[in-house]
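Structure at a glance
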Amino acid sequence: MPKFLHTADWQMGRAFTRFETEDGAALVEARFEAIEKLAQLANEHQCDAVLVAGDVFDAQTVSDRTIRRVFNATKGFTGPWVMLPGNHDAALAESVWTRAQRLGAVPGNVHLALQPGIINLELQGLSILCAPLTQRHTYGDLTEPFSGYESPEGFPRIGLAHGSVQGLLHEEIDSSNPIAPDRADASTLDYLALGDWHGTKQINDRTWYSGTPEPERFRNNEAGNALIVEVSEPGATPKVTQLPTGRYQWHQWRETLAVHSDLEQLLERLNALPESAVVDLRLEGSVTLAGEETLLKALSVAEARFRSLRCERSGLQFAPTDEDIAALKADGYVGEVIESLRQGQGQEDTQDDAARDALAILAGMLREREQEASQ
Amino acid sequence: MKLQRMRIEQLRQFRKPFVLDNLQPGLNLIHGPNESGKSTLVRSIRAAFFERYRSTAVDDLRPWGDSAAAPTIELDFEHDNRNWHLAKSFLQRKRCDLTIGTETYSEDDAEEKLAELLGYQYPKRGASKAEHWGIPGLLWVEQGTGQDIEQAIEHAGDHLKSALNSMVGEVASSGGDDLIETVRSQRDTLLTGTGKPRGDYLQLEKDRALYERDIEDLKGRVQHYQEQVDRLGKLAHDHDQAEAERPWEEAQRQLEEARTRYQQVERLEQQQVQEKATLAQIQENRRLLQQSKEHLEGLSRQLEGRKAELERAERDLRVAEAQSPAIAGRLAEARTAYEQAEKQRKLAGLLQTQERLEQDVRRLEQHKQAQTQNLAKAKDYHQQLEQARQQVRENRIDSAAVKSLKATANKLNEESIRSRTIATRLSWQLETSASLALNNEQLTGQGEQQLLEESTLVIPGVGTLGITPGGEELASTRRKLKTLEDSFAEQLKTLGVTSVEQAEDRLSTFESAERTLKHAEDLLKSVAPAGIEQLVSEQSEAENELERAKSQLQATPEPDQKENVPALEEAEAAFVQAGTTLDKAEADDREHQATLSALKQAWHNAKTEWQRLADEEKSPERQQQLSQITTDLANIEKQQAELQASLERREREIREARPEFLKQDIERYQNAANHLRQTQENRGRELRDIKVRLEAWGAEGLEEQLNEKEAELDQCNRRYQELHRRAQALDLLLTLLTEKRQALTRRLQAPLQKHLNHYLSVLFPEASLEVDEQLRPGTFSRGSELGQITELSFGAREQMGLISRLAYADLLREAGRPTLVILDDTLVHSDSERLEDMKRILFDAASRHQILLFTCHPEKWQDLGVAPVDIQASKEQSS
């Protein structure tokens, strides 16, 4: 009873923008760990093979080190791996794959599906019908030849492809690398393992996107999984099990703060997140002097706790209350300055951000002075 | 604030205590002459406030030479209805005590209290300087600095603002200025004065550009890489296809075919070339035969020509031979004429020589005669000379000695006459018989004698009379007479004469003989300048010469036909003419001989040529040759026609095969095959190159690098945005704070302007003085005049300075601050009219402030309306 692990879209060699250097490095590292995790799962579930449905590499020209590390990470599972070139790592005349071969980095148990055709895993009794991308973009269905591929008697026919199932995922008619939605049936496949969509997604009984094993963007739900597929015999409906593999969870929140309790709620939710969270906050509305102080403190704590925390506050008005202002004891012309900054904030011009920041800086200085004076 | 009393001790010239009390709340005029201590009082007040009691920089307060002194100042003043007493001593006893009402302060506390009251600060170390003086610096005017208002206001700055706080109430800010400084310093870490980024902010901006450039570069390289990958794909495809089809082989086959056909044509062309050569040979042969034929046929014509030439040569020779006798005749003639001319010339030369010699003899005879005469004269002159010389020798006498002798004789004569006048005269007239003996000399008859010496007169029979001439003078005269007589006799002897007359005669003879000698010498020199001997030898030489000339004349032969001889010049000209004629005749003869021999030769040659041709023409070989040549020519012409036909045929054949196209075909097929092969080879090479290149580039991990760089740029960008926002915010904040603060300053401007106008209206009724934003008097206008206060005259500036200070005092008073105005010898540059106005101003100000006016010109301030305080007088009171 053949059983295999379906994964895709490792995107190795990707660097992360919008993060602190240290955080970006950790996120990259997590992707290598994800491969090791896949090998471990394949062993645990006694899989016969691991099928990777494209985009193992994020680009053709990644460093030698990345290439070697990727193949090193597969060592945990000694059964056959079948890797399919996707749109990011298409099998061009010169590609990341030819380089990997030249480097001698590809272990014997890793099969590279660089040409369209069928790979028969004799020992495991599996026929893998491969539709690799040999150009950067194709506008025809590369899985079409599957129908013509003969497979040995009794071997389940497993399709391996990378692209967009037409009519289901994208509205655009002209999406590149199209795949017919009824490919599994049309080419009498027992299972069609797809890559390109980064979230786990079932298309039909026999057709799945496994999604990426480690999330790498804030969009795309259901990222960070692998699929264990069991095919009892040719023609039987495969049994598909979804297993979590991701280390970090990515959260992107858009919040509007109007009253103080909004802030409190936000902070409670933030506290509830696990440490392995990657958080992107965008705040709007307004905040009082006290609120600002609370927010800054909470953000400072959260920054230390989470893998990464980014907070965009340019949409958040700094609106100190009259009591706040009074507490600053800004008399004379400094008081006038504060008043004009408070008014300046609401205006629809470029002064807006500057006025908000200026007010915050001034308030900070005045409070510092007050604290010094009270000591 | 009202100063009531001051006391100083051990301070400069005030070694003993000095007290100045009864100070009035208004105007106080304190005067004293220079050195009286006026400046010391001013310095004391300043020291009491400005200098730290523990300062070591106040040596100037010490009385001269007193190192043990402790300069002490005590001040009593009233402020805010409380009595203040300040006692401060320096150097040897450092103390400061302040009593305010019932409170007491000491040391630093006391000093801080004072600084706070008046609004100034202490130096961190050393002596207090203008920048520390604050408000007092503005109100206490040192001698000669009244006009420097701007500096004083600047130093007073912060103190003034805080002092005036109460006036502007809510707009002033406690610590606002510090806040501005903080904001400014934070802004300045990010922005330059002109608002350009600096420091980290600038660095980020640069880094960002650097990243962008790197990314652009990497993107370019990735793009290039991808293009190369695509190229590789296409090349591999083309290469494989070409390798399967091998198109160059078809080209090679076509090439071979074209070559074969071309070789055939080439063979035809070779034959053509050979036959053309044969034709050319035949043609050449024919031409040669033709030539021979023509040559043979031309022989008779040549013979006639030669005959004519021979006849012409004969004729020429005969003409030349006919000329020969005439030419020979002319030559003989010329030769005879030449010989005749030569003879004539010789004869003429002989005649001329003879004439010349005769002339020489005549001239020499004359010369000899003259010489003989000269010699006779010379001998005569010589004799005269000898006689004169004899005369001179005989009569030589020294003219100076003669002159001296004459002088001595004269003196002697004079002395004798003198002696006679004083001598004792003895005269006598004796009887004829009677005689007397005077000094043993017999006297008879009558006579007289002068007696200069003691004498004895013996009168016979009577006895002897002794006569002694009287007097000293007589004795001296007698001695002088004696001396002169001796001298005279001596000189006579020396000259060898007996009298003066004889001496003079001799002198005259001597001088005449000398003149004669000179004359004789001159004469002799005129006839025999080189001496008589020379003259004798010259004469004998002239004789010799004459002899020679005479013998030469005799040796010269007498010419024969004297009458027909022409002059020498004429003979010579004729001779030259005859020579030329002879030359010409000889040349003509030579030429004629040459022509003659040439003509003979020509005739000979012509004759030989004619003979040879005549012989040839008649030979039988020639006839035979001519017929042979005619036959050969016919054969050759036939051959030529055949060959030409064959050539034409082949030419046509070659033309039809189009060899030029065949040649092009070969080239074309060759090129095509080469090109196809080359293309394939190039493909192979490029494939290998691209593979190698891509391998190298691939190893660089370009896209991964690009990813990383983009992440770094993003990071940099975010940090830049943060700093950018912060810089904007700080800049905005600084601008706002500065603006508001300036607005505050402007609010203080109005009251100050009011007070200033009050005083200005007294001084310049029509003028105005604007206070600027820094609260400094700035633009001054009067009628149409407009300018800065610094442009005014020194006097006017001092007056403006003073009224500005008074205006400040008024402002401070309104703010409830202490005001004490101290003026040290101020307004010395004001004219009396202005001074009058200033007095009115001071009197007015004194109704609000205490003013201490120190001066050394009390007479100028008499009409100030206050009782002056005389330091000198006070000093005496104190002591």
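From a predicted model like this one, the values you see are computed outputs, not experimental measurements.

1. With respect to the overall build of chain B
When helices and strands are tallied, chain B shows 19 helices and 20 strands. Taking 29 Å as the expected radius of gyration for a compact globule of 879 residues, we find that chain B reaches 80 Å, considerably beyond that expectation. Counting only C-alpha atoms, chain B reaches 210 × 180 × 60 Å along its principal axes. Taking all 879 residues of chain B together, 39% fall into the buried category.

2. Quick look at the overall build of chain A
Check the secondary structure of chain A and you find 9 helices and 17 strands. Counting only C-alpha atoms, chain A reaches 95 × 40 × 40 Å along its principal axes. Counting the 375 residues in chain A, one finds 54% classified as buried. Counting every atom, chain A has about 16,100 Å² of accessible surface; 46% of that belongs to carbon and sulfur. Averaging the positions of the 33 positive and the 57 negative side-chain charges in chain A gives two centres separated by 5 Å.

3. Examining the nonpolar core
Within the largest apolar cluster, 92 residues are counted, with the highest numbers of intra-cluster contacts made by Leu41, Phe49, Leu75, Phe77, Trp140, Met800 and Leu852 of chain B. A total of 10 residues in this core trace back to one element, the largest contributor, which is helix H17 (residues 794-814) of chain B. If sequence neighbours within four positions are ignored, Leu41 of chain B has contacts with Met6, Ile8, Phe14, Phe18, Leu20, Ile30, Phe854 and Ile871 of chain B. Core analysis: the second largest hydrophobic core is formed by 55 residues, Leu341, Ala354 and Ala363 of chain A together with Tyr201 of chain B among them.

4. Details of the domain arrangement of chain A
Quoted interface sizes are often the accessible area lost when the parts come together. Residues and elements named next belong to chain A. Segmentation of chain A into domains returns domain 1 (3-244) and domain 2 (249-374). In this assembly, 11 residues from domain 1 lie in contact with 9 residues from domain 2. Summing both partners gives a buried area of about 980 Å² for domain 1 against domain 2, and 63% of it is carried by carbon and sulfur. Where domain 1 packs against domain 2, one counts 2 salt bridges. Of the charged contacts, one joins Asp23 and Arg307 as a salt bridge, the two residues approaching to 3.0 Å between their closest N and O atoms. For the pair domain 1 and domain 2, the number of links is 2 residue pairs in polar contact (both at pLDDT 80 or more).

5. Thoughts on the sheet that holds strand S6 (residues 95-100) of chain B
Residue and element names in this part refer to chain B. As summarised here, the arrangement of the 6 strands in space is S2-S1-S4-S5-S6-S7, forming an open sheet in which the pairing is antiparallel. Two strands close off the open sheet at either side, each with one partner strand: strand S2 (18-20) and strand S7 (103-106). Sheet twist, expressed as the average angle between the axes of neighbouring strands with direction ignored, equals 10 degrees. Where strand S1 (residues 2-9) meets S2, 3 bridges bridge the pair, whose relative direction is antiparallel. Bridging from a neighbouring strand, Ile8 pairs with Phe18 of S2. Each of strand S4 (72-79), strand S5 (82-89), S6 and S7 is contacted by helix H2 (residues 107-118), which is oriented at about 55 degrees to S6, the strand it contacts most.

6. What about the UniProt feature "coiled-coil region" (unreviewed entry) in chain B?
Feature annotation in UniProt places "coiled-coil region" (unreviewed entry) on residues 201-398 and 626-733 of chain B, given in this structure's numbering. Helix makes up 96% of residues 201-398 of chain B and strand 0%, and the two end C-alpha atoms of the span are 131 Å apart.

7. What to know about the interface of chain B and chain A
Residue-level contacts link 46 residues of chain B with 45 residues of chain A. Here chain B and chain A share an interface that buries about 3,800 Å² over both sides, 58% of which is from carbon and sulfur atoms. On inspection of chain B and its partner chain A, the count reaches 4 salt bridges. Taking the shortest distance from any N to any O, the salt bridge between Glu20 of chain A and Arg718 of chain B comes out at 3.4 Å. Inspection of the region where chain B meets chain A yields 15 residue pairs in polar contact (both at pLDDT 80 or more). Of all elements in the fold, only helix H5 (176-190), helix H6 (199-245), helix H15 (659-700) and helix H16 (702-763) of chain B reach the threshold of two or more residues within the side of chain B that touches chain A. For the side of chain B that touches chain A, the leading source of residues is H16 of chain B, giving 22 residues.

8. Topic: the side chain of Arg7 of chain B
Residue and element names in this part refer to chain B. Structurally, the position occupied by Arg7 is in strand S1. One polar contact links Arg7 to Glu9, side chain to side chain, over a distance of 3.2 Å. Discounting residues that sit within four places of it in the chain, Arg7 has contacts with Pro17, Phe18, Val19, Thr72, Ile73 and Glu74.

9. Considering the pattern of salt bridges
All names here are of chain B. With the rule as written, the count across this model stands at 76 salt bridges over all chains. Put simply, Arg719 and Glu722 hold a salt bridge, and the shortest N to O gap is 3.4 Å. With Arg719 and Glu722 both in helix H16, this residue pair falls 3 residues apart, about one helical turn. Classification of Arg719 by relative accessible area gives partly exposed; the value is 37%.

10. Here we look at the packing of helix H2 (residues 64-73) of chain A against helix H3 (residues 96-103) of chain A
Residue and element names in this part refer to chain A. Relative to each other, H2 and H3 sit at 80 degrees, their axes nearing to 10 Å. Compared by their axis directions, H2 and H3 come out roughly perpendicular. Contacts from Asp64, Ile67, Arg68 and Phe71 in H2 reach Val96, Trp97, Arg99, Ala100 and Leu103 in H3. In the contact of H2 with H3, the residues fall into 6 nonpolar, no polar and 3 charged.

11. Concerning the packing of helix H8 (residues 299-394) of chain B against helix H11 (residues 500-527) of chain B
Axes are the key here: two packed helices are described by the angle between their axes and the distance separating the axes. All names here are of chain B. Where H8 contacts H11, the two axes come as close as 8 Å, and the packing angle between them is 160 degrees. Taken together, the axes of H8 and H11 lie roughly antiparallel to each other. Considering the relative orientation of H8 and H11, their crossing is left-handed. Across from Asn374, Lys377, Ala378, Tyr381, His382, Gln384, Leu385, Ala388, Arg389, Gln391 and Val392 in H8, the residues of H11 making contact are Thr509, Phe510, Ala513, Glu514, Thr516, Leu517, Ala520, Glu521, Leu523, Leu524 and Val527.

Rules and cut-offs
- Residues numbered from 1 in each chain as written.
- Chains lettered and ligands numbered in written order.
- Predicted model: local features only at pLDDT ≥ 70, side-chain atom pairs only at ≥ 80, totals over all residues.
- Heavy atoms only, no water.
- Helix = DSSP H or I, 4+ residues; strand = E, 2+ residues; numbered from the N terminus.
- Rg over C-alpha atoms; globule rule 2.2 N^0.38 Å.
- Buried < 20%, exposed > 50% of the residue type's maximum accessible area, 1.4 Å probe, protein only.
- Areas by Shrake-Rupley, 256 points an atom, 1.4 Å probe, with all protein chains shown as cover.
- Lys, Arg positive; Asp, Glu negative; His and termini not counted.
- Charge placed at Lys NZ, Arg CZ, Asp CG, Glu CD.
- Core = buried A, V, L, I, M, F, W, Y, C linked by side-chain atoms within 4.5 Å.
- Contact = heavy atoms within 4.5 Å.
- Domains from an automatic or database assignment.
- Buried area = accessible area lost by both parts, 1.4 Å probe.
- Salt bridge = Lys/Arg side-chain N within 4 Å of Asp/Glu carboxyl O.
- Polar contact = N/O pair within 3.5 Å; in protein donor to acceptor, adjacent residues only side chain to side chain.
- Pairing = 2+ DSSP bridges.
- Axes fitted to C-alpha atoms, helices over the stretch in contact; angles between N-to-C directions.
- UniProt positions renumbered as here; feature names shortened; annotations may be inferred.
- Parallel < 35°, antiparallel > 145°, perpendicular 65-115°, else oblique.
- Nonpolar A, V, L, I, M, F, W, Y, C, P; charged D, E, K, R; others polar.
- Left-handed = near helix turned anticlockwise from the far one by under 90°.

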